[in-house]
Amino acid sequence: MDYSDLTYGNFFRQTWFYKISALFLLVACPGFAMVLYYTNQNLDGSFYNLGQYIWQHGLWSLLHDAWFSRFFGTPTAWGIIGIFAAGQLLLMRILPGKKYDGPITPTGHVPRYKNNGLLSYIVTYGLFFGFSLLWPLFPPSIIYDNFGDILAALNITALMFCLFLYAKGRFAPSTRDNSVSSSFIFDYYWGTELYPRLFGWDIKQFTNCRFGMTGWSLAVVSFAFAQKNIHGAADWSIILSAALIAIYLFKFFIWESGYMRSMDIMTDRAGFYICWGCLVWVPAVYTSPVMFMVNHPIGLPFAWGLVIFLLGLGCIGVNYWADRQRQMVRETNGKAKIWGRAPRLIRAPYKTIDGKKKESLLLASGFWGISRHFHYVPEIGAALCWSVATGFGYFMPFFYVVFLTILLTHRAIRDDKKCAKKYGPAWQQYRKLVPYKIVPHVF
């Protein structure tokens, strides 16, 4: 059974509605990423002002000002991207780390990774602060100062890179976990290869983790320094929001080996959806709350900032705790204690595409006994905390929270369908023990 490409990919292939949706996203998202930046920088971060601009000048004029006028970026932007990307690739290769296996694929392939993400994250921060503050070669606000051109350069680079990934998956795949459909649009959007590698580097680990997540963290820190340059001081709202994001991503890299077993890696192929998303959508959208704060300091009192920071820290802690519970159960084959007790488990058998029998542990204790994706609740809560620090006067700081809520809700639905197909009766038994997807008694 090919359970790696269920629910989303196959559903896309089978319905014209989703093929049209893929085409719409391919056309709309690259421009929207640039428009979001332009709205933050040139339209006071106001979607109302954005609507007025379109009404007065037209959509084409907006796209010209936001994107086409800087379509290819600048030499400085290309230099920043090139140095950062090369640095992340180098750290992936040279930093020490224990080797570990990812989940087996339907064709029997077992991807292997090096667990040095956290060390890479720390070294990257050390280099950034070292060469911007201690031995200054560039200002710490350099990412903000060139962000529009960086996004433009990333946009064209990522679009071309996804075309390369399409061709690679079709003509020179790294494993047998590849396929093409009758639709080029779908294959470009969804990807043709599950685990592409290039010169030994895992493509999705690079785009999703080392470039996307590390770049997100560095960007918001650079934004805080930019506010200091512009206004003479950094407001508590932007300091605490940038700190929460940096801590959240520190937690992410502690758990990177767990992330390499998530739906993003196990199911989503290396195409526009994942790779363009991590290279462009993440820096454009995920940074937008803090980018908004650069030009909107509100003089947040330290006491209120501390409350928001502690709430956000608590959400990050619960999110990590939930992921850790499931990881411990898997590592010990169900012998770990959850909240001081033996866990309630369902051993779910399944078969790979070549007929081999395997087994997964479905945890129904701890946070995983509250709902099947309870860890999404603190994740959304953390995002709300680093967005709310700027107040409620604009919608822009909350755009990412709304997007994240939709994304995770959709992901929970996809995962439920995939697991129902993969595990059959065992999943139905698990659903009886844990009846809610995310929020108990609600959804």
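It should be noted that the structure appears before, not after, this text.
Residues numbered from 1 in each chain as written. Predicted model: local features only at pLDDT ≥ 70, side-chain atom pairs only at ≥ 80, totals over all residues. Heavy atoms only, no water.

A. View of the nonpolar core. Formed by 108 residues in total, the largest nonpolar core has its most connected members in W216, F272, W276, Y286, W386 and Y400. Top contributing element to this core by residue count: helix 10 (residues 203-231), with 13 residues. Each residue touching W386, except ones within four places of it in the same chain, is listed here: W216, S241, L244, I245, Y248, P289, M293 and Y400. Ranked by size, the runner-up nonpolar core spans 19 residues in total, among them A322, A348, A364 and F367. (Core = buried A, V, L, I, M, F, W, Y, C linked by side-chain atoms within 4.5 Å. Buried < 20%, exposed > 50% of the residue type's maximum accessible area, 1.4 Å probe, protein only. Helix = DSSP H or I, 4+ residues; strand = E, 2+ residues; numbered from the N terminus. Contact = heavy atoms within 4.5 Å.)

B. Seen up close, helix 18 (residues 399-423). Helix length check: helix 18, at 25 residues, gives a terminal C-alpha distance of 36 Å against a target of 36 Å (1.5 Å per residue), a fit within 8%. Just downstream of helix 18 lies G424, where phi reads positive at about 60°. (Expected span 1.5 Å × (residues − 1).)

C. Molecular detail of the pattern of salt bridges. Counted according to the given criterion, the structure contains eleven salt bridges. For D268, the salt bridge is made with R414, and the minimal N-O distance between the two is 2.4 Å. Remark: R414 occurs in helix 18 and D268 occurs in the loop between helix 13 (263-266) and helix 14 (272-286); sequence separation between them is 146 residues. Using a relative accessible area of 0% as the deciding quantity, one classes D268 as buried. For E331, the salt bridge is made with R324, and the minimal N-O distance between the two is 3.6 Å. The class of R324 is partly exposed, set by a relative accessible area of 28%. (Salt bridge = Lys/Arg side-chain N within 4 Å of Asp/Glu carboxyl O.)

D. The arrangement of the pairing of strand 5 (residues 345-351) in detail. Of the two faces of strand 5, only the one carrying I346, A348 and Y350 is buried; L345, R347, P349 and K351 on the other face are not. Sheet topology note: the strand 5/strand 6 (residues 357-363) ladder contains seven bridges and is antiparallel. Paired with A348 across the bridge in strand 6 is S360. (Pairing = 2+ DSSP bridges.)

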